[in-house]
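Notes for the structure review
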Amino acid sequence: MSVAEQKLAYLTAAGRFDLCSPGECLRLLSAASYITYSRRTGGCGRMLKMLLHGTCSYDCAYCSVRLQRERVGFSPGEFADTFLDLWREGLVGGLFLSSGIARDVDCVMHDIVETGEILRRRGYDGYLHLKVLPGAARADIHDAARVANRISINLEATSPDRLGRIAGVKDYRQDILKRQAWVAEEKPGGHTTQLVVGAADETDAEILSCLADQYRRVRPSRVYFSAFRALPGTPLASHPDTPTWRAMRWYQADYLLREYGVTADELRAVLDEEGFFPDRDPKVVLADGRMAVNVNLASHSDLLRVPGIGPKGADRILSLRRERPFTGLADLARAGIRGKAAGRYLVFGGRETVQTKLVL
Ligand code: SF4
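These remarks concern the structure in this document. Keep in mind it's a predicted model, so treat the numbers as computed, not measured. (Residues numbered from 1 in each chain as written. Predicted model: local features only at pLDDT ≥ 70, side-chain atom pairs only at ≥ 80, totals over all residues. Heavy atoms only, no water.)

**Some remarks on the packing of aromatic side chains**
Applying the stated rule across the entire model yields 8 aromatic pairs. With 6.0 Å between their ring centres and 25° between their planes, F79 and F83 make a pair best called stacked. You can see F79 and its partner F83 sitting in helix α3 (residues 76–88), 4 residues apart, about one turn around the helix. The same class applies to F79 as to F83, namely buried. With a centroid separation of 4.9 Å and an interplanar angle of 85°, the aromatic rings of W87 and Y124 are classed as edge-to-face. With W87 in helix α3 and Y124 in the loop between α4 (105–121) and β4 (127–131), this residue pair connects regions lying 37 residues apart in the sequence. In textbook terms, an aromatic cluster arises when at least three aromatic residues are bridged by ring pairs, as seen for F74, F79, F83, W87 and Y124. The lysine or arginine in question, K49, covers the ring of F96, its NZ or CZ lying 5.6 Å from the ring centre. The ring of F326 has R334 lying over it, and the distance from NZ or CZ to the ring centre is 4.6 Å. (Phe/Tyr/Trp six-rings, centres within 6.5 Å; stacked < 30°, edge-to-face > 60°. Helix = DSSP H or I, 4+ residues; strand = E, 2+ residues; numbered from the N terminus. Buried < 20%, exposed > 50% of the residue type's maximum accessible area, 1.4 Å probe, protein only. Lys NZ or Arg CZ within 6 Å of the ring centre and 35° of its normal.)

**Points about the pairing of strand β6 (residues 191–197)**
Of all 7 residues that make up β6, 7 are buried, and the element is covered over most of its length. With burial as the criterion, each face of β6 is covered, one bearing H191, T193, L195 and V197 and the other bearing T192, Q194 and V196. Here 2 bridges tie strand β5 (residues 150–152) to β6, and the two strands are oriented parallel to one another. Residue pairing in the sheet places S152 in a bridge with T192 of β6. Where β6 meets strand β7 (residues 222–227), 6 bridges bridge the pair, whose relative direction is parallel. What sits directly across from L195, in β7, is F225. Crossover β6 to β7 through helix α8 (residues 204–217) is right-handed. (Pairing = 2+ DSSP bridges. Right-handed = clockwise from strand over helix to strand, strands pointing away.)

**Notes on the site of the ligand**
What surrounds the ligand is the set C56, Y58, C60, Y62, C63, G100, I101 and K170. Among the residues making up the shell around the ligand, the classes are represented as 6 nonpolar, 1 polar and 1 charged. (Near = heavy atom within 4 Å. Nonpolar A, V, L, I, M, F, W, Y, C, P; charged D, E, K, R; others polar.)

**Topic: the nonpolar core**
Ranked by internal contacts, the top residues of the largest apolar core, which has 60 residues, are I166, F225 and I309. Three or more residues apiece are contributed to this core by two domains, here domain 1 (3–243) and domain 2 (290–359). Among the nonpolar cores identified, the runner-up in size contains 39 residues, and L48, M50, A145 and I153 belong to it. (Core = buried A, V, L, I, M, F, W, Y, C linked by side-chain atoms within 4.5 Å. Domains from an automatic or database assignment.)

**Digging into the pattern of salt bridges**
Summed over the entire model, instances satisfying the criterion amount to 22 salt bridges. As a salt-bridge pair, D213 and R216 come within 3.3 Å of each other at their nearest N and O atoms. With D213 and R216 both in helix α8, this residue pair falls 3 residues apart, about one helical turn. For R216, a relative accessible area of 61% puts it in the exposed group. In this structure, the salt-bridge partner of D302 is R290, at a minimum N-O distance of 3.1 Å. Separated by 12 residues along the polypeptide, D302 in helix α12 (residues 300–304) and R290 in the loop between α11 (282–288) and β8 (293–294) bring together distant segments of the chain. Salt bridges here are not isolated pairs; linked through shared partners, they connect E266, R290, D302 and R305. (Salt bridge = Lys/Arg side-chain N within 4 Å of Asp/Glu carboxyl O.)

Below is the structure:
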């Protein structure tokens, strides 16, 4: 193995805890160097995901890189050579580049941006996701947004107090929230963030408030949820792991907030007395607490709250019921809806019912 290949292997393994795909949550413990992702144009691509520098002067309690004192990393030019070889051979179609803060933030952020600029200058036109480091300068965020398809800055925790427990060196308001507001201005609709679920003992109620604030203020296109894993030798080595299902429930809840118009207040009703989600699909728990809806009268928003009905299914129901009312479960198949999931949350009124309602 060449020196470049050895560094590549180490830095891709070190970068695996920074998520850029929800499916990674399940594969987190594998040391896969590449992840597959769905292309907007269809099919799957292979993305290289790694750190530019594998050393860090910061001391976050949950992170493996804090333990690495030996300098391992690429210069921007050296990494660009290595990546472009892989890309030209067809081995990778995308890049997610993050970094430990090997020196000061500005130096490393310059390296990240310069890497992106070299790749673009040398003809790389594939997907490029660049990480914005906490405390990064506005000019570097501007340049990262210019060359990358997507940029991101990790929240890691839900509040200054929670972050203080696991990464006291980072100032939540200054280093992260202020930079995230710049990220949102420089790349509207093209930025993401990540939370490490469970590391700081936050409740799901706190995550929910944090997310509601995120969507109100900076509108990330995605929020990634990483279930905390205790790493040997770190200050949190004896902290219990977060069950994977908790992060997966958060992907479901976040989808409801982002795509289904479910409000944070509605989701709050799903939480138990201690402020945690049960291990059940939040959409099902929400529907269990509501009255069944009449498929021939319900609004688009009410249909979206029925398990088994998504945005396209709700659209189809609205369109088809104009021609002929739904009379039973068998009719749901007309709209491509699986009656098994949705049936028990629906009632079927006749045409008279519909017309009476419409006249009113
Ligand atoms: S800043 Fe913290 S989380 Fe990021 S690489 Fe350094 S120690 Fe790890």
